[in-house]
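Residue strings, one per chain:
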Amino acid sequence: MPSQVIPFSQATPAHDAPMRPHEKLLKLSRALEILFAALIAVSLLWIFAAAVATVFFSNHLLIGPTGAWFFTGRPPAIPGGVLYSSQPPLTRLAGMIDIVTATVPLILVCRHLRELFRLYARGTVFARENAVHLKRAGLWLVVYPFAKVAANIIFRLAGGADKVWFHMELVYALVLGLIVFAIALVMEFGREIEQEKDSFI
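Here the structure is a predicted model, which is why all the values come from computation and not from measurement.

Novice: Before we move on, could you go through the side chain of Thr91 and cite the residues and values that matter?
Specialist: Structurally, the position occupied by Thr91 is in helix H2 (residues 89-121). A residue is classified by how much of its surface remains accessible, and Thr91, at 1% relative accessible area, is buried. Within the structure, Thr91 has its side chain in polar contact with the backbone oxygen of Ala158 (distance 2.5 Å).

Okay, here's the thing in structure tokens:
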């Protein structure tokens with residue numbers, strides 16, 4: 001019977017070997033950790049830019065039912081649009097509260113996902129912390145649609161323009177949040193079963 005042993009010199013070089021699944025997970029997790037960190041930075045920058053525009057450039061902001069527009073020169077002709085500088089200070093303050101209220105849940109979603117993928121990138125895959133971060137990300141996704149509604153109510157009560165606040169993205173965020181939360185519960189349940197099995201060994 002011929003030998004099935006492959007001589008070492010003929011073995012496939014390590015650099016030509018396919019990447020193992022856990023190595024793919026580590027690389028992907030590092031990339032996603034960076035991505036969510038970048039999204040947090042962009043969201044914070046958006047809040048800062050909105051504050052600067054509100055305080056120093058409100059005469060270049062037009063607020064209307066479908067959103068806000070920054071312009072130079074003549075204001076664009078937008079039905080229902082009003083110059084932001086013509087609004088009282090309380091309304092402009094409410095506008096900032098509107099932006100912060102609607103943005104903070106997304107920042108917290110990104111924060112917990114960043115921490116989750118940081119754990120994965122370090123090789124921690126089935127620890128309790130993984131499920132905790134995933135569960136909190138799901139909870140903040142569920143909170144996000146309600147935060148958007150609350151932000152719009154605050155702005156309207158302060159005399160702001162009536163915006164078209166309902167979008168299907170709110171429904172998607174709510175459903176996705178519930179799914180993510182359910183997955184986190186499954187992860188916790190699986191971890192408890194694994195611990196019980198280990199305790200019997």
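After presenting the structure, the write-up continues.
Novice: I'd like a description of the pattern of salt bridges, backed by residues and values.
Specialist: All chains considered together, the criterion is met by four salt bridges. Connected through salt bridges with shared partners, the residues Glu33, Arg114, Glu115 and Arg118 form a single ionic network.

Novice: Tell me about H2, residues and numbers included.
Specialist: In this model H2 runs 47 Å from its N-terminal to its C-terminal C-alpha over 33 residues, within 8% of the 48 Å that 1.5 Å per residue would give. Of all the bends in H2, the greatest, near 30°, is centred on Thr103, and the proline Pro105 appears no more than four residues after it. Phi for Gly123, located one or two positions after H2, is positive at around 90°.

Reading the values: rules and limits
- Residues numbered from 1 in each chain as written.
- Predicted model: local features only at pLDDT ≥ 70, side-chain atom pairs only at ≥ 80, totals over all residues.
- Heavy atoms only, no water.
- Helix = DSSP H or I, 4+ residues; strand = E, 2+ residues; numbered from the N terminus.
- Buried < 20%, exposed > 50% of the residue type's maximum accessible area, 1.4 Å probe, protein only.
- Polar contact = N/O pair within 3.5 Å; in protein donor to acceptor, adjacent residues only side chain to side chain.
- Salt bridge = Lys/Arg side-chain N within 4 Å of Asp/Glu carboxyl O.
- Expected span 1.5 Å × (residues − 1).
- Bend = angle between axes of the 7 residues up to and from the residue.

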